[in-house]
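# Structure assessment
Residues per chain are reported as follows:
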Amino acid sequence: MTRTPLVAGNWKMNGRLALVDELAGALRGAMPEGVEAALCPPYPYLPALEKALDGAGVVLGAQDVCDHEDGAFTGEVSAEMLKELGCVYVIVGHSERRELYGEDDDRVASKFLRAQQAGLTPILCVGETLREREAEQTEQVVVRQLMAVVEAAGVEALAGAVVAYEPVWAIGTGLTASPEQAQDVHARLRAVVADQDAGVAAGLRLLYGGSVKADNAAPLFAQPDIDGGLIGGASLKAEQFIAICRAAG
């Protein structure tokens, strides 16, 4: 089964309003065919970026979502609100949400479900810390994180989702899993899903996230089970983001 590569940029809490027009202008006309691209800016910039990206061949995503539809949840943003603003994707379970804000597997699964119910495509993040990798717990950790969603939503839910493997030790550190290390984890994730439903596994897009840059993207994306990337800092620089998208094509 052919899987369309996806490159999703996560700005995290970076950027300013001036970057929106600057970046969108640089991307217009430069995006390769056959690759889907998304940008996930901070919440306040979603409307401006949605407008600026019109015709640029890049869709909009959000960095997080509340697991409730409405209610007294000060500071939270619902999936329905994100959908109204033009979002197509939303990241759930990013390691920074898990580590800094205490989101456990159950909370991540709840957010995943809420996003799908509102018509968004969740990008589910899974990944191990350096301590867990050194203890040879990588497979145990990523499979547990993935199966929490499968157990809550059913394997069929993954047919309309994306999974991103992001080794925590490689995020923003300049360290990157080797193509072989990344492929091993991606292959294991696909095999776990295949044990539940081979058709879903064959179509599931698996992204790699962890200090992906223009100069290391191509060998990562050449691996058979890596279908694109979840990009951090490089997504704030037009030339880097374009080069990474081209590497995925």
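Presented here is an overview of the structure given in this document. By convention here, each chain's residues receive numbers from 1 onward along its written sequence. Only residues with pLDDT of at least 70 get local features here, since the model is predicted, and only at 80 or more are side-chain atom pairs given and counted; chain-wide, interface and lining totals rely on the full set of residues. By convention in this description, side-chain values take in all heavy atoms of the structure and omit both hydrogens and water.

## Focus on the pattern of salt bridges
Defined as follows: For this analysis, a salt bridge means a side-chain nitrogen from Lys or Arg found within 4 Å of a carboxyl oxygen belonging to Asp or Glu. Only protein chains enter the accessibility calculation, which uses a 1.4 Å probe. A residue is then buried if its area is under 20% of the maximum for its type, exposed if over 50%, and partly exposed in between. Each helix corresponds to a stretch of at least 4 residues labelled H or I by DSSP, and each strand to a stretch of at least 2 residues labelled E; elements are numbered beginning at the N terminus.
Applying the stated rule across the entire model yields 15 salt bridges. For Asp105, the salt bridge goes to Arg98, with nearest N and O atoms at 2.9 Å. Residue Asp105 shares its accessibility class with Arg98, and that shared class is buried. For the salt bridge of Arg190 with Asp225, the shortest nitrogen-to-oxygen distance reads 2.6 Å. Here the residue Arg190 occupies a position in helix α8 (residues 179–196), and Asp225 occupies one in the loop between α10 (214–221) and β8 (228–231), the gap between them amounting to 35 residues. Take Arg190 and Asp225: they sit in the same class, and that class is buried. A single network of salt bridges, built from pairs that share partners, joins Arg3, Arg190, Asp225 and Asp227.

## Overview of unusual backbone geometry
Backbone geometry places Lys12, a non-glycine residue, at a positive phi of 55°. With respect to the helices and strands, the residue Lys12 is situated in the loop between β1 (6–10) and α1 (17–27). The backbone of Ser211 shows a phi angle near 60°, a positive value even though the residue is not glycine. One can find Ser211 in the loop between β7 (205–208) and α10.

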